[in-house]
2 protein chains.
Amino acid sequence: MKQKITLKHIARELEVSISTVSKALKNSEEISRDTKEKVQAFAKLYNYKPNNIAISLKNKRTKNIGVIIPDIVHHFFTTVFRGIEKYADSHGYNVIVCVSDESFDKEVINMEMLANGSIDGFIMALSAETQLKNDFNHLKEVTEQGIPLVLFDRITDEIECDKVVIDDKEAAYQAVTKLINNGRKRIALITTESYLNVSEKRAEGYFEALKDNGLAIDESLVLRLPYQYEDEQKSGKFFESKEIDAVLCVNEIFAIRCMRHAIKKGLKIPEDISFIGFTDGILSKFANPRLTSVAQHGERMGEIAAQMLIEKVESEEENETYRTEILKSTLIERESTIN
Amino acid sequence: MKQKITLKHIARELEVSISTVSKALKNSEEISRDTKEKVQAFAKLYNYKPNNIAISLKNKRTKNIGVIIPDIVHHFFTTVFRGIEKYADSHGYNVIVCVSDESFDKEVINMEMLANGSIDGFIMALSAETQLKNDFNHLKEVTEQGIPLVLFDRITDEIECDKVVIDDKEAAYQAVTKLINNGRKRIALITTESYLNVSEKRAEGYFEALKDNGLAIDESLVLRLPYQYEDEQKSGKFFESKEIDAVLCVNEIFAIRCMRHAIKKGLKIPEDISFIGFTDGILSKFANPRLTSVAQHGERMGEIAAQMLIEKVESEEENETYRTEILKSTLIERESTIN
DNA sequence: TTGTACGCGTTATCAT
DNA sequence: ATGATAACGCGTACAA
């Protein structure tokens, strides 16, 4: 096992001082051609690479980004993560991922862990529990320490920092308007229990579109399911008992499940009933029928978040201005709606 | 902005030496009750937390694990990653993820980057290009430096290290046997171009099962598609032209696509034609009909990989014995096969 | 009981 | 042209 070589080793071997070696490797003008060549040759031979940790300690810069997300086995977050990783990688940053698992405590612990020097800044989406508790002290602490923070998707107004979201309300509004223009009258909304701000925004858009188009709001057409919804009972009954001709679902899985219920009931998609989902992931593309879906452009979102963060990290002055980037979403039309 | 506080700050403020502070915070017997209380109170007040980087430098241990995977937007890898993250987190380790994007160069660069002190060990699945080139010098370098390495799923025999795989060959063998027992005679294999060792293993199992059950091997029933297969042409023609009563696909997406072709051709699933896929992900569960699939237990795989790695990282002696853990897969039967 | 000195690996500043 | 020294933040063996 050949040990990692350090400046000290080279210095000792070549009988020069450590600082000479350091300078020689940086091609400093101060050092003679001879020495430089000797040192550089030796370094190459033994494949010298400076130790990142030592450099981090010296520079007080780790070139690491901390990413905290509720769940990694979730198409949208995964997509965002890919955008972050890509941008970070191409700018010389590494990414440390922690999964909060929708738990407040884990989120806090992970943040504290990373905040002690391991990273230069955070990118995160809040856990469901955090949004429910409405407790953001851990975020406040971090920003007060001057650690840059970028929130995406699951954000809060309580914290001042850069943010990236999609226009959830607008997207839902457009989707519902589309359904109405296709002649749909009884449009259901399948959403999550209400503490997730994204679901809230989508519901707002749904209601507003109905109102603006002169359709009555019928609360009995709104079904709220637990976030991790496994049981088929509740949604099954809903479809059996209601007369519906279109459905907006706040995620793909709800949509796929509901399409099944509709088919089982003997309805034809999209003739008798149309479906639109959120998160244009793999399920939408491969569902049968293929699902019309609101694409959230997660990868782009990740890139923007990473860019915002790295900008803040690398800016010298303490920049106290924050912006919220709102990404436009796109409705991808497929077989589950009439064109 | 309140700056992160260090031992030095506390020492200066309390007019004691740095080492006194350090010891006091560790509740050392050497320090008087008085001083300890004073220091600890002050530390708590200002929320002192030791700097991870400094500790890493001192201990030559980062408590970071480097994970390099070909793709993160891929259900199987994501699942494995979750297992790694979970185990790592519960053992006080952080995870740095790099995505090789199936590129040899990126894999090499990322490894070199992390190998210079940023991590205590690697967990990785080889990129397609690396397997194609058959060049593993970057892995060799790392292991020679004494950095522990665990390979999973996409592995190679060229490198001595711990490994975790599933019994791909056996799984395919079982799946095909199952189809045969259900009375299927003309069983197709849809696989990737041949340099991925997992696909190879699955193909072996397929052939062996046919042979052991006295069925002729018909190479024209084997379709090899590019790994990132987008175009529908080739597989479409295949289904139009062949008489097939069952299909084994090496991944979910191939299976879903092929089911569409079959349905389009007017075949009934599973009556006329059965389907079995690999990677029991979200698509299998929600496909219509639901897809019978080989579950690879990615999360368990990740846990085991992390456990193997951390064991090696934390073991004092240079342990030169490596093991290869072979995980049993499970066939999850759903609507696409007869029970 | 407290403090000094050193080392982890690197770089920057200031001598020589 | 080269080297000594200090500093990043921490921990610890040793000295006082």
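Our structure is the block above this text.
These figures come from a predicted structure and were not determined experimentally. (Residues numbered from 1 in each chain as written. Chains lettered and ligands numbered in written order. Predicted model: local features only at pLDDT ≥ 70, side-chain atom pairs only at ≥ 80, totals over all residues. Heavy atoms only, no water.)

A. How the structure looks around the protein's contact with DNA strand C. For DNA strand C, the set of nearby residues contains 27 residues, the closest of which are A:Lys8, B:Ser19, B:Thr20, B:Lys23 and B:Lys58. By atom count, sugar and phosphate contribute 61% of the portion of DNA strand C lying within 4 Å of the protein. Between DNA strand C and the protein, one listed contact pairs a phosphate oxygen with a side-chain N or O atom of A:Ser22 at 3.4 Å. Where the surface near DNA strand C is concerned, the elements lending two or more residues are helix H1 (7–14), helix H2 (18–25) and helix H4 (52–59) of chain A together with helix H2 (18–25) and helix H4 (52–59) of chain B. Looking at the surface near DNA strand C, the element that brings in the most residues is H2(A), giving four residues. Of the residues contributing to the surface near DNA strand C, the split by class is nine nonpolar, nine polar and nine charged. (Near = heavy atom within 4 Å. Polar contact = N/O pair within 3.5 Å; in protein donor to acceptor, adjacent residues only side chain to side chain. Helix = DSSP H or I, 4+ residues; strand = E, 2+ residues; numbered from the N terminus. Nonpolar A, V, L, I, M, F, W, Y, C, P; charged D, E, K, R; others polar.)

B. Spatial organisation of unusual backbone geometry. Here the amide bond leading from A:Asn288 into A:Pro289 is cis, since omega sits at 0°, within 30 degrees of zero. Following B:Ile269, the chain continues into B:Pro270 via a peptide bond in cis, with omega recorded as 5°. Its location among the elements puts B:Pro270 in the loop between helix H12 (252–264) and strand E9 (274–278). Notably, B:Asp101 is not glycine yet its phi reads approximately 60°, a positive angle. With respect to the secondary-structure elements, B:Asp101 resides in the loop between strand E2 (94–99) and helix H6 (104–115). We note that B:Thr279 has phi near 70°; this positive angle belongs to a residue other than glycine. On the secondary structure map, B:Thr279 appears in the loop between E9 and helix H13 (282–286).

C. Molecular detail of the protein's contact with DNA strand D. Around DNA strand D sit 26 residues in total, of which A:Thr20, A:Lys23, A:Lys60, B:Lys8 and B:Tyr48 are the nearest. In DNA strand D, atoms within 4 Å of the protein come from the sugar-phosphate backbone in 61% of cases. Note that a phosphate oxygen of DNA strand D is positioned 2.5 Å from one of the side-chain N or O atoms of A:Thr20. At 2.7 Å, a backbone N or O of B:Leu7 approaches a phosphate oxygen of DNA strand D. Tallied by class, residues from the surface near DNA strand D come to eight nonpolar, nine polar and nine charged.

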